[in-house]
Amino acid sequence: MTELFVEEWRGWTPHRDAAGEARLDTSAKPAGTAIPSMLRRRLNLIGRAVCDMLIALDPAAKLDVLHASRHGDGERTLEMLYAIDAGEPLSPARFGLSVHNAIIGVYSIASGNRRSQQAVAASGAEWAALMAEAQGYLSDGTERLLVVFGDQPVPARFADFAPHTPAAAVALVLSTTPAPGTRRLAVSAAPEADGEALQPLDVIDWLMQRRGPLSCPLAGRTWTLAPDA
Amino acid sequence: MTTTALEHELKEMIIETLELEDVTPADIDPDEPLFVEGLGLDSIDALELGLALQKRYGITLESDAESSRQHFANLRSLAALVEARRVS
């Protein structure tokens, strides 16, 4: 299997202390300054954060992008269903931005990145799905790519039916070759793995070495970060 | 030329409906194009604006691209449309 290396990363969450880590943005409202205001107005908070992170990690806009989110934009998607039920007309802009690839679509327009983009949802196994997809791209000749994982809370009236997902997003550049500063991403089988589904916040904690290995109970796999010796 | 009360109302409707976070009513020149040039709105904005006109003024636009283009040319033509066709 192709080896994976974490080359660089960025994170956003208002629920952690950056403690001097410049890669982590803890602002309540991400700036979104990498995106022109006429595009930025359509993005929610996580969308602003994701676009800023992707543009910071790949200024040349030349890498493929894999984007995962468990709930996507629950606010827009689920609330639209209530509008339909109430017989109200749907907002075309909200409809357009409710699709799962909306954020990376806006990113593509703003950055001019015309490479392959993929939007993934996997019922709590998003990280495993991202890694499997990344493995596929990198085994197929791609040398570096962007992966991004983001979620936010679902609307209050759905909160009892979905796991709580605090607002957080994380983006990484993965590559097939070690270089100074990269960290090897080792994967192993974890048949006994249990616990909660992995969330973007877990990945941020993991990258900041504030927790142990990442285990995905649904996929039965564990990921560890090792310095690239 | 001065801005009429209706034009001001439409400016506020455009800013609010289209979430133009960095735009104030004074930034919208009534004679400048609303779409592509000028204010720089796009096709999704046109649909959104059509919906707002329907909700607020009861105006249903005909699905005729040429007449929509004329109505949506700038703020003055939009005000003229509302003046002529508003239900309430």
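Report follows, based on the coordinates. The model shown is predicted, which means the values in this text are computed figures rather than measured ones. (Residues numbered from 1 in each chain as written. Chains lettered and ligands numbered in written order. Predicted model: local features only at pLDDT ≥ 70, side-chain atom pairs only at ≥ 80, totals over all residues. Heavy atoms only, no water.)

## With respect to the interface of chain B and chain A
The interface is formed by 15 residues belonging to chain B together with 12 residues belonging to chain A. Here chain B packs against chain A, burying approximately 1100 Å² in sum over the two surfaces, 50% of which is carbon and sulfur. Summed over the shared surface of chain B and chain A, the result is 6 salt bridges. Linking Asp42(B) and Arg42(A) is a salt bridge whose minimum nitrogen-to-oxygen distance equals 3.0 Å. One can count 8 residue pairs in polar contact (both at pLDDT 80 or more) joining chain B with chain A. Partitioning the side of chain B that touches chain A into residue classes produces 7 nonpolar, 1 polar and 7 charged. (Contact = heavy atoms within 4.5 Å. Buried area = accessible area lost by both parts, 1.4 Å probe. Salt bridge = Lys/Arg side-chain N within 4 Å of Asp/Glu carboxyl O. Polar contact = N/O pair within 3.5 Å; in protein donor to acceptor, adjacent residues only side chain to side chain. Nonpolar A, V, L, I, M, F, W, Y, C, P; charged D, E, K, R; others polar.)

## Looking at the side chain of Asp64(A)
All names here are of chain A. Looking at the element boundaries, aspartate 64 is found in strand 3 (residues 64-68). Of the polar contacts made by the side chain of aspartate 64, one reaches the backbone nitrogen of serine 116; its length is 3.4 Å. Among all residues touching aspartate 64, those that are not within four sequence positions of it are Arg115, Ser116, Tyr137, Thr142, Leu145 and Leu146. (Helix = DSSP H or I, 4+ residues; strand = E, 2+ residues; numbered from the N terminus.)

## Quick notes on helix 5 (residues 102-111) of chain A
Turning to helix 5 of chain A, its buried residues number three or more, namely Ala102(A), Ile103(A), Ile104(A), Val106(A), Tyr107(A) and Ser108(A). Once helix 5 of chain A ends, the next one or two residues include Gly112(A), with phi positive near 80 degrees. (Buried < 20%, exposed > 50% of the residue type's maximum accessible area, 1.4 Å probe, protein only.)

## Notes on unusual backbone geometry
Where the residue is not glycine, phi is negative for most of them; where a peptide bond is considered, it is trans in most cases. Phi at Gln209(A) is positive, roughly 55 degrees, even though this residue is not glycine. Here Gln209(A) lies in the loop between helix 7 (200-207) and strand 8 (214-216). Located in the positive-phi region is Val36(B), a residue other than glycine, with phi close to 60 degrees. Looking at the secondary structure, you find Val36(B) in the loop between helix 1 (5-17) and helix 2 (43-57). Taking relative accessible area as the criterion, Val36(B) reaches 69% and is therefore assigned exposed.

## Structural notes on empty space enclosed by the protein
Residue and element names in this part refer to chain A. For the structure on display, the rule yields 2 cavities of 30 Å³ or more. Looking at the largest cavity, its volume works out to about 150 Å³. Residue lining of the largest cavity: 19 residues in total, with Asn44, Ile46, Gly72, Asp73 and Ile103 positioned closest to the centre. Contributions of two or more residues to the lining of the largest cavity are made by helix 2 (45-57), helix 5 and strand 5 (144-151). (1 Å grid on protein atoms, 1.4 Å probe; cavity = no way out; pocket = protein on both sides within 12 Å on 5 of 7 lines; lining within 4 Å. Points joined across faces, edges and corners; volume = space filled by probe spheres on them.)

## Examining the packing of helix 1 of chain B against helix 4 (residues 75-85) of chain B
To characterise two packed helices, one gives the angle between the axes of the helices and the distance between these axes. All names here are of chain B. Relative orientation of the contacting elements helix 1 and helix 4 amounts to 105 degrees, with a least axis distance of 10 Å. With respect to helix 4, the axis of helix 1 lies roughly perpendicular. Facing Leu6, Glu7, Leu10, Lys11 and Ile14 of helix 1, the residues of helix 4 in contact are Leu75, Arg76, Leu78, Ala79, Val82 and Glu83. For the contact of helix 1 with helix 4, the per-class residue count stands at 7 nonpolar, no polar and 4 charged. (Axes fitted to C-alpha atoms, helices over the stretch in contact; angles between N-to-C directions. Parallel < 35°, antiparallel > 145°, perpendicular 65-115°, else oblique.)

## Details of the pattern of salt bridges
Taken as a whole, this structure holds 20 salt bridges over all chains when the rule is applied. We note a salt bridge from Glu7(A) to Arg144(A), for which the minimum N-O separation is 2.7 Å. Of this pair, Glu7(A) sits in strand 1 (residues 4-12) while Arg144(A) is found in strand 5, placing the two residues 137 residues apart along the sequence. Its relative accessible area of 27% is what places Glu7(A) among the partly exposed residues. A salt bridge links Arg85(B) to Glu62(B); the shortest N-O distance between them is 3.4 Å. Of this pair, Arg85(B) sits in helix 4 while Glu62(B) sits in the loop between helix 2 and helix 3 (65-71), and the two are 23 residues apart along the sequence. Under the relative-accessibility criterion, Arg85(B) is labelled partly exposed at 31%. Each member of the salt-bridge network shares a partner with another, and the members are Glu8(A), Arg10(A), Glu21(A) and Arg23(A).

## What to know about the layout of surface pockets
One water molecule sets the probe size; rolling that probe over the atoms shows where empty space is left. Each pocket or cavity is described by its volume, and for the largest pocket that value is around 810 Å³. Along the wall of the largest pocket there are 34 residues; nearest its centre are Ser91(A), Arg94(A), Thr17(B), Glu19(B) and Glu48(B). Where the lining of the largest pocket is concerned, the elements lending two or more residues are helix 2, helix 3 (74-85) and helix 4 (92-98) of chain A together with helix 1 and helix 2 of chain B. With 6 residues, helix 2 of chain B is the largest single contributor of residues to the lining of the largest pocket. Its residues assigned to classes, the lining of the largest pocket shows 13 nonpolar, 4 polar and 17 charged. Roughly 290 Å³ of volume is contained in the second largest pocket. Lining the second largest pocket we find 14 residues, and of these Ala46(B), Leu47(B), Leu61(B), Ser68(B) and Phe72(B) sit closest to its centre. Every element with two or more residues in the lining of the second largest pocket is listed here: helix 2 and helix 3 of chain B.

Don't take any of this as a statement about function, it's just geometry.
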